[in-house]
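# Observations on the model geometry
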Amino acid sequence: MDKELIAQASENLKLLDIVLYESSFKQFEDSHDQLQLGQQNKLAIRAEVGEAVNNKNNALDFFRVFVDLGIRVNDLSNSDAEPRLLYQIEATFRIDYELTNNVDEKALTEFAHFNAVDNVWPFWRQFVFSTINQAHVPCPEIPLTKTP
């Protein structure tokens with residue numbers, strides 16, 4: 001993590017919006033009682049710079065980041081067999097920032113990989129907890145902040 005590059009991008013970006021862009025929940029088995037659970041986490045980031053027109057008909061440069069997050073929960077009870085997939089949750093969040101000045105692409109990339117993920121993390125936690133509550137499945141571990 002290059003803090004100088006992140007600071008350069010941060011000084012020239014203004015958060016406009018965070019949107020749940022895409023999501024899915026799939027359950028593969030009905031019973032989850034008395035199982036030894038394991039989980040796999042997914043994190044992927046992609047970004048783009050573009051131009052848009054705001055609601056006042058002014059053109060503005062924007063930096064858009066897509067953060068793909070996911071969890072797969074497995075049954076690890078039988079150590080002699082392959083883990084059984086119980087359920088998976090995935091979501092893509094779109095974050096739009098106004099680009100107020102020219103920023104080096106390297107700085108934007110560094111910003112996307114660290115700050116953008118931090119920006120969506122509370123939304124991801126809420127999405128997972130809400131989905132789990134509605135599905136009545138055991139809750140996976142979602143830390144308070146992203147892990148490196």
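Here's what I pulled together on the structure shown here. Keep in mind it's a predicted model, so treat the numbers as computed, not measured.

### Re the overall build of the chain
Within the chain one finds two helices and four strands. Listing the helices and strands of the chain from first to last along the sequence gives α-β-β-β-β-α. Counting every position in the chain, which comprises 148 residues, the buried fraction comes to 38%. Taking the intrachain contacts of the chain between residues at least 6 apart in sequence as the baseline, contacts between residues at least 24 apart amount to 74%. Of the accessible surface of the chain, which amounts to about 9,200 Å², a share of 44% is contributed by carbon and sulfur atoms.

### A closer look at the packing of aromatic side chains
Tallied over the full model, the rule gives five aromatic pairs. Centroid distance Trp-124 to Phe-127: 6.3 Å. Interplanar angle 25°. Geometry classified as stacked. Of this pair, Trp-124 and Phe-127 both sit in helix 2 (residues 105–135), three residues apart, which is roughly one turn of that helix. The two residues Trp-124 and Phe-127 agree in class, both being buried. By the ring-pair criterion, three or more aromatic residues cluster together here, those being Phe-63, Tyr-97 and Phe-111.

### Some points on the environment of Asn-12
Position of Asn-12 relative to the elements: it lies in the loop between helix 1 (3–11) and strand 1 (13–27). With 96 residues separating them in the primary sequence, Asn-12 and Leu-108 have C-alpha atoms 9.8 Å apart. Beyond its immediate chain neighbours, meaning those up to four positions away, Asn-12 contacts Glu-98, Leu-99, Thr-100, Asn-101 and Val-103.

### Description of unusual backbone geometry
Despite not being glycine, His-136 has its phi angle at roughly 60°, a positive value. On the secondary structure map, His-136 appears in the segment after helix 2. You can call His-136 exposed: its relative accessible area is 68%.

### Things to note about the pattern of salt bridges
As enumerated under the stated definition, the model contains six salt bridges in all. Notably, a salt bridge pairs Arg-46 with Asp-68, separated by 2.8 Å at the nearest N-O pair. Placement of the pair is Arg-46 in strand 2 (residues 37–53) and Asp-68 in strand 3 (residues 59–75), with a sequence separation of 22 residues. Take Asp-68: its relative accessible area is 12%, and that puts it in the buried class. One salt bridge in this structure joins Asp-75 and Arg-84, with 2.6 Å as the shortest N-O distance. For Asp-75, a relative accessible area of 5% gives the class buried. Owing to a relative accessible area of 36%, Arg-84 belongs among the partly exposed residues under this scheme. Taken together, the salt bridges that share partners define one network made up of Arg-64, Arg-94 and Asp-96.

### What to know about the packing of helix 1 against helix 2
Here helix 1 crosses helix 2 at 95°, and the two axes come no closer than 8 Å. For the element pair helix 1 / helix 2, the angle class is roughly perpendicular. Contact with helix 1, carried on its side by Leu-5, Ile-6, Gln-8, Ala-9 and Ser-10, involves Lys-106, Ala-107, Leu-108, Glu-110, Phe-111, Phe-114 and Asn-115 of helix 2 and no other residues of that element.

Reading the values: the criteria
- Residues numbered from 1 in each chain as written.
- Predicted model: local features only at pLDDT ≥ 70, side-chain atom pairs only at ≥ 80, totals over all residues.
- Heavy atoms only, no water.
- Helix = DSSP H or I, 4+ residues; strand = E, 2+ residues; numbered from the N terminus.
- Buried < 20%, exposed > 50% of the residue type's maximum accessible area, 1.4 Å probe, protein only.
- Contact = heavy atoms within 4.5 Å.
- Areas by Shrake-Rupley, 256 points an atom, 1.4 Å probe, with all protein chains shown as cover.
- Phe/Tyr/Trp six-rings, centres within 6.5 Å; stacked < 30°, edge-to-face > 60°.
- Salt bridge = Lys/Arg side-chain N within 4 Å of Asp/Glu carboxyl O.
- Axes fitted to C-alpha atoms, helices over the stretch in contact; angles between N-to-C directions.
- Parallel < 35°, antiparallel > 145°, perpendicular 65-115°, else oblique.

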